[in-house]
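# Summary of the model geometry
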Amino acid sequence: DAGVIQSPRHEVTEMGQEVTLRCKPISGHNSLFWYRQTMMRGLELLIYFNNNVPIDDSGMPEDRFSAKMPNASFSTLKIQPSEPRDSAVYFCASRPGGASGTQYFGPGTRLLVL
Amino acid sequence: DQQVKQNSPSLSVQEGRISILNCDYTNSMFDYFLWYKKYPAEGPTFLISISSIKDKNEDGRFTVFLNKSAKHLSLHIVPSQPGDSAVYFCAAIPSGNTGKLIFGQGTTLQVKP
């Protein structure tokens, strides 16, 4: 089992550019979560999907952020245009069925927007 | 509003002694509480959980205690080992079968040899 896979691991971009973060959940998991970690706000949930359907996107900071899950094995988080305050570590997590099920986190993508 | 709070940003203990990490919550409508451990440059990994209907859960060196009247959760690590040095996050799952996690700010544990 390869675990949750995220790419890229590091991203440095300039303000105004589009950024796309990618996630491959663990096979068989039917829920996928995107989190952002910053010094100021800690780990915060941005959006999560059940069976590829977005359930709660209330944590998405603003319209510049969008997430998709076109199939059970792939999800993207896009920031367009990016701003320096978007600099953070972005984690993807997946979970098998059941609300009490453990979430398994990927290694994260460290984003720096200059 | 921070629903899950870890008021101690750091903790340092001697190898072999007990580590006690604390967490407070403000919302009574949580079904489960979890502890995650995070090493630098890695994602958080699940450590132990407890249902809101229980007051203790033990797994090896790790025990989680839940005091619902005080809205307080603690993680005990006995004995502490240098490899336990990491950031520990308390998290809660709200009622409603959503499974979404609400995290505390984290506590950095350092276990000195």
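The structure we're discussing is the one just above.
All values reported here derive from a predicted model rather than from experimental measurement. (Residues numbered from 1 in each chain as written. Chains lettered and ligands numbered in written order. Predicted model: local features only at pLDDT ≥ 70, side-chain atom pairs only at ≥ 80, totals over all residues. Heavy atoms only, no water.)

### Points about the environment of Met60(A)
Residues and elements named next belong to chain A. When you line up the elements, Met60 lands in the loop between strand E6 (53-56) and strand E7 (65-71). Taking the relative accessible area as the measure of exposure, Met60 reaches 14% and is therefore buried. Between the alpha carbons of Met60 and Leu45 there is a distance of 8.0 Å; along the sequence they are 15 residues apart. Once residues within four sequence positions are removed from consideration, Met60 is found in contact with Leu46, Ile47, Phe65, Ser66, Ala67 and Leu77. (Helix = DSSP H or I, 4+ residues; strand = E, 2+ residues; numbered from the N terminus. Buried < 20%, exposed > 50% of the residue type's maximum accessible area, 1.4 Å probe, protein only. Contact = heavy atoms within 4.5 Å.)

### Digging into the sheet that holds E7(A)
Residue and element names in this part refer to chain A. Read from one edge of the open sheet, 4 strands run E1-E3-E8-E7, paired in antiparallel fashion. Both outer strands of the open sheet, strand E1 (5-7) and E7, are each paired with one neighbouring strand and no more. The average angle at which neighbouring strand axes cross in this sheet is 15°, direction not considered. In this structure, E7 lies alongside strand E8 (residues 74-79), joined through 5 bridges in antiparallel fashion. (Pairing = 2+ DSSP bridges. Axes fitted to C-alpha atoms, helices over the stretch in contact; angles between N-to-C directions.)

### Concerning the pairing of strand E9 (residues 86-94) of chain B
Residues and elements named next belong to chain B. Burial analysis of E9 places 8 of its 9 residues in the buried class, the great majority of the element. In the sheet, strand E4 (residues 30-38) pairs with E9 via 8 bridges, with the strands oriented antiparallel. Opposite Leu34, over in E9, you have Ala91 as the bridge partner. Across 3 bridges, the pairing between E9 and strand E11 (residues 107-112) is antiparallel. Directly across from Val87, in E11, lies its bridge partner Thr108.

### A short note on the nonpolar core
With 24 residues, the main nonpolar core has Phe33(B), Trp35(B), Leu73(B), Leu75(B) and Tyr88(B) as its most contacted residues. Those elements that provide at least two residues to this core are strand E3 (19-25), E4, strand E5 (45-51), strand E7 (62-67), strand E8 (72-77), E9 and E11 of chain B. It is E9(B) that provides the largest number of residues to this core, a total of 4 residues. In contact with Phe33(B), other than residues within four places in its own chain, are Tyr25(B), Ile48(B), Ser49(B), Ile50(B), Ser52(B), Leu66(B), Leu73(B), Ala91(B) and Ala92(B). Membership of the second largest hydrophobic core comes to 21 residues, among which are Cys23(A), Phe49(A), Ala67(A) and Leu111(A). (Core = buried A, V, L, I, M, F, W, Y, C linked by side-chain atoms within 4.5 Å.)

That's the geometry; what it means functionally is another story.
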